[in-house]
Amino acid sequence: MPYTLSHPEYLTLTGLDGTQYRGGDQEWYHDLWQRRAGCGPTTAAALLSYLAQAHPVLAPMAPGEAHTQAGFLAYMEAVWPYVTPGSRGLDNPENMVLGCRSFAQSRGCYLKGEVLPIGARRPQRPSSAQCRAFLAQALGRDCPVAFLNFSNGALKNLDSWHWVPLISMTEGERVLLCTILDEGEERVIDLDLWLDTTFLGGALVTLWPDPDVGHLQEA
């Protein structure tokens, strides 16, 4: 069964020359360190931008020019102080959640988050079924997922020690095909193959509007 965002076009960006990009690219940052370590903030910016456009209660989080390369880069820069990589990059998935929630609160919005850790050792890893259920629930809420992988295993189209937004999932009997955004383009990876072959694991992270705060605001 396929699961996808209701408006994937919200993450299409247009450059000054008319080039169409799918999501941001950490190479757009001006600073060298940001370009080297910026996959986490770039992924966070994609998640926050989509959530702000897809969920009216989160509209104050939206970037000023959501669909231009320049506008999205400004958003990436705004997110950086909240989702800030350390010397090893953004290697703690809990910090992705905390940083995104802090950014949201700075704009008067409130998020909840959940992490599905994927351990380096096989006994510490969730099953394929658990990963599928996590992704189905997130995408079913119309929320993209931040995918962290420390080693790409047998996947040739995925960098190691890297964050990417995950925007769709198609389940098969022996494959779990997921669409990710990286370097301004869409790629399809087999998450089951990654789960079977990664040496160091990673995590899946989801964020969604805090319904309790929404009820309080309505009251």
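Read on for an overview of the structure. (Residues numbered from 1 in each chain as written. Predicted model: local features only at pLDDT ≥ 70, side-chain atom pairs only at ≥ 80, totals over all residues. Heavy atoms only, no water.)

## Digging into the overall build of the chain
Under the convention used in this document: In DSSP terms, a helix is any run of H or I states spanning at least four residues, a strand is any run of E spanning at least two, and both are numbered starting from the N terminus. Each residue gets one of three labels from its accessible area relative to the maximum for its type: buried under 20%, exposed over 50%, partly exposed in between, using a 1.4 Å probe on protein chains only. What makes two residues a contact is simply this: any of their non-hydrogen atoms within 4.5 Å. Charge counting treats Lys and Arg as positive and Asp and Glu as negative, with His and both chain ends excluded. Lysine's charge is taken at NZ, arginine's at CZ, aspartate's at CG and glutamate's at CD.
In terms of helices and strands, the chain carries seven helices and nine strands. Here the chain holds 219 residues, and the buried ones make up 53% of them. For the chain, the proportion of contacts with a sequence separation of at least 24, taken over those separated by at least 6, is 66%. Positive and negative charge centroids in the chain, built from 15 and 24 side chains respectively, lie 8 Å apart.

## Regarding the packing of helix α2 (residues 39–54) against helix α4 (residues 93–106)
Operational definition: Lines are fitted to the C-alpha atoms to define the axes, a helix being fitted only along its stretch in contact, and any angle between axes, read from their N-to-C directions, falls within 0 to 180 degrees. In this scheme, roughly parallel covers angles under 35 degrees and roughly antiparallel covers those over 145, while 65 to 115 is roughly perpendicular and the rest are oblique. Handedness of a crossing follows from how the near helix is turned relative to the far one, being left-handed for an anticlockwise turn of less than a right angle and right-handed for a clockwise one.
Orientation of α2 relative to α4, taken along the N-to-C sense of each, is 50°, at an axis distance of 11 Å. Compared by their axis directions, α2 and α4 come out oblique. For the pair α2 and α4, the crossing hand works out as right-handed. Every residue of α4 that contacts α2 at Gly 40, Thr 43, Ala 44 and Leu 48 is listed here: Met 96, Cys 100 and Phe 103.

## Section: the packing of α2 against helix α3 (residues 69–79)
Interaxial distance between α2 and α3 falls to 9 Å at its minimum, and their mutual angle equals 110°. With respect to their mutual orientation, α2 and α3 come out roughly perpendicular. Seen from above, α2 lies across α3 with right-handed handedness. Contacts between α2 and α3 pair Pro 41, Thr 42, Ala 44, Ala 45, Ala 46, Leu 48 and Ser 49 from the former with Phe 72, Tyr 75, Met 76 and Val 79 from the latter.

## As for the nonpolar core
Using the following cut-off: By nonpolar core is meant a set of buried Ala, Val, Leu, Ile, Met, Phe, Trp, Tyr and Cys residues that side-chain atoms within 4.5 Å join together.
Residues Met 61, Met 96, Leu 135 and Leu 204 are the most contacted members of the largest nonpolar core, which totals 69 residues. The residues touching Met 96, leaving out its near neighbours within four places in the chain, are Gly 40, Thr 43, Ala 44, Val 83, Leu 90, Ala 146, Trp 163 and Val 205.

## Some details on the pairing of strand β5 (residues 145–149)
Strand residues, when the strand is regular, have side chains that alternate between the two faces of the sheet. The test is simple: At least two DSSP bridges between two strands are needed for those strands to be called paired.
In terms of residue burial, β5 counts as a mostly covered element, since five of its five residues are buried. Looking at chain direction, β5 and strand β6 (residues 162–171) are connected through five bridges and run antiparallel. Residue pairing across strands places Val 145 opposite Leu 166, the latter belonging to β6.

## Notes on empty space enclosed by the protein
Rules: The pocket and cavity definitions rest on a 1 Å grid over protein atoms only: a 1.4 Å probe that fits but cannot leave marks a cavity, an open set with protein on both sides within 12 Å along at least five of seven lines marks a pocket, and residues lining either have an atom within 4 Å of a point. Grid points are joined across faces, edges and corners, and a volume is the space filled by probe spheres set on the points.
Summed over the entire model, instances satisfying the criterion amount to two cavities of 30 Å³ or more. A volume near 100 Å³ is recorded for the largest cavity. In terms of lining, the largest cavity is formed by 16 residues, of which the most central are Gly 24, Thr 42, Leu 181, Asp 182 and Glu 183. Where the lining of the largest cavity is concerned, the elements lending two or more residues are α2, β6 and β7 (176–182).

## Side note on the pattern of salt bridges
When charged atoms on two side chains of opposite charge get close, those side chains can pair. Selection rule: For this analysis, a salt bridge means a side-chain nitrogen from Lys or Arg found within 4 Å of a carboxyl oxygen belonging to Asp or Glu.
For the structure on display, the rule yields seven salt bridges. Glu 186 serves as the salt-bridge partner of Arg 22, at 2.9 Å between the closest nitrogen and oxygen. Taken together, the positions of Arg 22 in strand β3 (residues 20–22) and Glu 186 in strand β8 (residues 185–190) put the pair 164 residues apart, joining distant regions of the chain. With a shortest N-O distance of 3.7 Å, Arg 132 and Glu 171 are connected by a salt bridge. Taken as a pair, Arg 132 in helix α5 (residues 128–140) and Glu 171 in strand β6 lie far apart in primary sequence, 39 residues in all. Residue class for Arg 132 comes out buried when judged on its relative accessible area of 13%. Judged by relative accessible area, Glu 171 falls into the partly exposed class, the value being 29%.

## Some points on the side chain of Thr 43
What counts here: Contacts described as polar in this section are N or O atom pairs within 3.5 Å, which, within protein, must combine one atom able to donate a hydrogen with one able to accept it, while residues neighboring in sequence count only if both atoms come from side chains.
If you trace the backbone, Thr 43 turns up in helix α2. Within the local environment of Thr 43, its side chain forms a polar contact with the backbone nitrogen of Val 164, the two atoms lying 3.5 Å apart. Leaving out residues up to four positions away in the same chain, Thr 43 has contacts with Met 96, Ala 146, Trp 163, Val 164 and Pro 165.

## Details of the environment of Ala 62
In this fold, Ala 62 is placed in the loop between α2 and α3. A C-alpha to C-alpha distance of 31 Å links Ala 62 and Leu 176, two positions 114 residues apart in sequence. Filtering out sequence-adjacent residues up to four positions away, Ala 62 remains in contact with Ala 52, Tyr 75 and Arg 107.

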